[in-house]
Amino acid sequence: LASRGYQVILPAYFDADTPAQGRRLVNARAWRQAALDAAGQLAARPGVSPGRVALWGYSRGAGVALNAATLPGAPVHSVVLVAGGGEVDGNLAGRDLSFLLLHARRDEAVPVRATLSLADDLRAAGVAVEVEGLDFDGHQYDLVTWCAVMGRTRQFLESRREPDHAST
């Protein structure tokens, strides 16, 4: 994405809190905050339109992105979740928020049904959702599949891009 002109921040959310057995909720909150802080920092950079800031997550990172993006006031409009599931807490109707969910045909870590259930929950909560299956079996993608994921991510983000003010 960076090679295509996108500004990318990849927060090391695992460093946001010391893992502690039995403290998954505390860790998840710290990880969510790391994602929100990164999105906020990127949106505040000179020349970056806040409307062009997105969250992107793979596997557990997809859960972090989901939890961050669905908070009221989250500084993002586009979210890409790869090999992820999760639950939607609350009503998102009226928010300019779109999701792209990508999943492998058969994923031993995150079943397709978890991704499809999340898509249904997001739609019921009032946001736009696109779901696409990948031509791959498993959770640890190969290079060809990662290239497809990044290409589809770029296509999704470009479809959500607001027009440049210089060209209007």
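Here, every reference points to the structure presented above.
Residues numbered from 1 in each chain as written. Predicted model: local features only at pLDDT ≥ 70, side-chain atom pairs only at ≥ 80, totals over all residues. Heavy atoms only, no water.

> Mind showing me how you'd approach the packing of aromatic side chains here?
Where two aromatic rings form a pair, the distance of their centres and the angle of their planes describe that pair. Scanning the model with the defined rule gives five aromatic pairs in all. Taking the centre distance of 6.2 Å and the plane angle of 40 degrees together, the rings of Trp56 and Trp146 count as tilted. Of this pair, Trp56 sits in strand β1 (residues 54–58) while Trp146 sits in helix α4 (residues 143–160), and the two are 90 residues apart along the sequence. Consider the rings of Tyr58 and Trp146, whose centres lie 5.0 Å apart with planes at 70 degrees: the pair is edge-to-face. Of this pair, Tyr58 sits in strand β1 while Trp146 sits in helix α4, placing them 88 residues apart in sequence. Look at Trp146 and you get partly exposed, because its relative accessible area is 25%. (Phe/Tyr/Trp six-rings, centres within 6.5 Å; stacked < 30°, edge-to-face > 60°. Helix = DSSP H or I, 4+ residues; strand = E, 2+ residues; numbered from the N terminus. Buried < 20%, exposed > 50% of the residue type's maximum accessible area, 1.4 Å probe, protein only.)

> Before we go on, may I ask you to explain unusual backbone geometry in this structure?
Excluding glycine, most residues fall at negative phi; most peptide bonds, likewise, are trans. Of note in the backbone geometry, Ser59 takes a positive phi value of approximately 60 degrees without being a glycine. Looking at where Ser59 falls in the secondary structure, it is placed in the loop between β1 and α2 (60–69). Its identity is not glycine, yet Ala83 carries a phi of approximately 55 degrees, on the positive side. Mapping Ala83 onto the fold places it in the loop between β2 (78–82) and β3 (98–106).

> Just checking my understanding: could you explain the side chain of Thr70 for this structure?
Tracing the backbone through its elements, the reader meets Thr70 in the loop between α2 and β2. Given the relative accessible area of 11%, Thr70 is considered buried. Among the polar contacts listed, one links the side chain of Thr70 to the backbone oxygen of Leu66, at a separation of 2.8 Å. Excluding anything up to four places from it in sequence, Thr70 contacts Leu92, Arg95 and Phe99. (Polar contact = N/O pair within 3.5 Å; in protein donor to acceptor, adjacent residues only side chain to side chain. Contact = heavy atoms within 4.5 Å.)

> Looking at this structure, how should I read the sheet that holds β2?
The pairing of strands in a sheet happens through backbone hydrogen bonds and is either parallel or antiparallel. Reading across from one edge, β1-β2-β3-β4 is the order of the four strands in this open sheet, with parallel pairing throughout. Edge positions in the sheet fall to β1 and β4 (128–137), since each has one partner strand and no second. Mean inter-strand twist for the sheet, computed between neighbouring axes without regard to direction, equals 15 degrees. Where β3 meets β4, eight bridges bridge the pair, whose relative direction is parallel. Each residue of the ladder has a partner; that of Ser98, found in β4, is Ala128. Here α4 sits on the sheet in contact with β1, β2, β3 and β4, set at roughly 160 degrees to β3. (Pairing = 2+ DSSP bridges. Axes fitted to C-alpha atoms, helices over the stretch in contact; angles between N-to-C directions.)

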